[in-house]
Amino acid sequence: MSVASGRARTFSVAELAEHCGLPQAVVERWLSLGLLRPMRGSIRRFDFPAVGRARTLSELRRAGWTAPRIKARWQEAQRVIPDPAEALAGLLAGVGSRRVTVRTPDGRLLETSGQQLFDFAEPAVDSESALPRLRTAQDWFAIGVEAEAAGRLKDAARAYEHALPD
């Protein structure tokens, strides 16, 4: 399927697992817990934003978070960030912290109660300088998916161009 034919690229459970570098059983577990949902009208196919969510879930998993913990913290995060995708991505700010914190789309750091925190951490590297360090087509593609899911379409397009074969 090509975008030119009017259809967007979709992904199977196996492809999601491959893009995240995880066993397929992990992605199946996320599905059973409702952390990932297939596209409407599809039983087992996923769109680009779902791939971005799967990458975020895999980062949380690599940080030692279990699927039930992710689900519970994600529900808490949605109290202060109503958009589910942004709430999930915001949880990455809390990795390594004893308390559950989320980063809002505008950059603020909040506890799930809504209390704003001072953020003394080093500023995040912007996408312009992060993109050139990746080398494989799969890495470029993953960055593109994450950027697209976050609404950074220019970054996504640039990453997808790097993922294409020369």
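Along each chain, numbering runs from 1 in the same order as the chain's sequence is written. Only residues with pLDDT of 70 or above have their local features reported here, since the model is predicted, and side-chain atom pairs are shown and tallied only from 80 upward, although totals for entire chains, interfaces and linings are computed over all residues. Here the side-chain values reflect all heavy atoms present in the structure, with hydrogen atoms and water set aside.

(A) Focus on the overall build of the protein. Along the backbone of the protein there are eight helices and three strands. Ordered by position from the N terminus, the helices and strands of the protein form the series α-α-α-α-α-β-β-β-α-α-α. With a 1.4 Å probe rolled over the protein chains alone, any residue whose accessible area is under 20% of its type maximum counts as buried; one over 50% counts as exposed, and the rest are partly exposed. Out of the 166 residues in the protein, the part that is buried amounts to 36%. Restricting to contacts in the protein with at least 6 residues of sequence separation, those with at least 24 account for 46%. Looking at the protein as shown, the accessible area adds up to about 10,100 Å², and 52% of this sits on carbon and sulfur atoms. Only DSSP runs of H or I reaching four residues or more are called helices, and only runs of E reaching two or more are called strands; each is numbered from the N terminus. Contacts are residue-level and defined by heavy atoms, with any inter-residue pair within 4.5 Å sufficient. Accessibility throughout is a Shrake-Rupley quantity obtained with a 1.4 Å probe, and a residue counts as covered only by protein chains that appear here.

(B) Focus on the packing of aromatic side chains. When the centres of two rings from Phe, Tyr and Trp lie within 6.5 Å, Trp using its six-membered ring, the rings pair. Their planes under 30 degrees apart give stacked, over 60 give edge-to-face, and anything left gives tilted. If you walk through the whole model with that rule in mind, you get five aromatic pairs. Here phenylalanine 11 and phenylalanine 141 contribute two aromatic rings whose centre-to-centre distance is 5.8 Å and whose plane-to-plane angle is 55°, an arrangement assigned as tilted. Residue phenylalanine 11 is located in the segment before helix H1 (13-20), and its partner phenylalanine 141 is located in helix H7 (residues 137-149); the two are separated by 130 residues in the primary sequence. Judged by relative accessible area, which is 1%, phenylalanine 11 ranks as buried. Measuring from centroid to centroid gives 5.8 Å for phenylalanine 141 and tyrosine 160, while their planes differ by 45°, and the two rings are tilted. Note that phenylalanine 141 is positioned in helix H7 and tyrosine 160 in helix H8 (residues 153-163), a separation of 19 residues in sequence. What makes phenylalanine 141 buried here is its relative accessible area of 17%. Taking the ring centre of tryptophan 65 as reference, the NZ or CZ of arginine 69 above it sits at 4.2 Å. In our convention, an over-ring charge means Lys NZ or Arg CZ found within 6 Å of a ring centre and within 35 degrees of that ring's normal.

(C) Highlighting the sheet that holds strand E3 (residues 116-117). The criterion for strand pairing is that DSSP finds at least two bridges linking the strands in question. Read from one edge of the open sheet, three strands run E1-E2-E3, paired in antiparallel fashion. At either end of the open sheet lies a strand with only one pairing partner, and these are strand E1 (101-103) and E3. As judged from the two bridges shared by strand E2 (residues 109-111) and E3, these two strands associate in the antiparallel manner. Bridge pairing in E3 links leucine 110 to glutamine 116.

(D) Geometry of the confidence of the model for the protein. Of the residues in the protein, 84% have a pLDDT of 70 or more, and the chain-wide mean is 79. The least confident element of the protein is helix H6 (residues 127-130), whose mean pLDDT is 45; the most confident is helix H2 (residues 24-33), at 92. The predictor attaches a confidence to each residue, and that confidence, scored 0 to 100, is pLDDT. Confidence drops under a pLDDT of 50 for residues 1-6, and excluding neighbours within four residues, the segment shows five contacts in the predicted structure. For residues 125-135, every residue scores under 50 in pLDDT, and the model assigns this stretch 16 contacts once sequence neighbours within four places are set aside.

(E) Summary view of the nonpolar core. The criterion is simple. A nonpolar core is a set of buried Ala, Val, Leu, Ile, Met, Phe, Trp, Tyr and Cys residues joined through side-chain atoms within 4.5 Å. The biggest cluster of nonpolar side chains holds 37 residues, and the ones touching the most others in it are Trp30, Leu35, Leu36 and Leu91. Looking at this core, the elements with two or more residues in it are H1, H2, helix H3 (48-62), helix H4 (67-77), helix H5 (84-90), H7 and H8. In terms of residue count, the dominant contributor to this core is H3 (six residues). Setting aside its immediate chain neighbours within four residues, leucine 91 contacts Leu60, Trp65, Ile70, Arg73, Trp74, Ala77, Val100, Thr101 and Val102.

(F) Spatial organisation of the packing of H1 against H3. One can describe the packing of H1 onto H3 by two numbers: an axis separation of 9 Å at closest approach and a directional angle of 50°. Judged on the interaxial angle alone, H3 and H1 are oblique. Like other packed secondary-structure pairs, H1 and H3 cross with a definite hand, here right-handed. From H1, Leu16, His19 and Cys20 reach across to H3, where they touch Ala50, Val51, Ala54, Arg55, Ser58 and Arg62. In terms of residue class, the contact of H1 with H3 is built from five nonpolar, two polar and two charged. Axis lines are fitted to C-alpha atoms, over the contacting stretch for helices. Their N-to-C directions set the angle, which ranges from 0 to 180 degrees. Note that the term roughly parallel is reserved for angles under 35 degrees, roughly antiparallel for angles over 145, roughly perpendicular for angles of 65 to 115, and oblique for everything else. Crossing handedness follows the turn of the near helix against the far one: under a right angle anticlockwise gives a left-handed crossing, and clockwise gives a right-handed one. Put simply, Ala, Val, Leu, Ile, Met, Phe, Trp, Tyr, Cys and Pro go in the nonpolar bin, Asp, Glu, Lys and Arg in the charged bin, and everything else, Gly too, in the polar bin.

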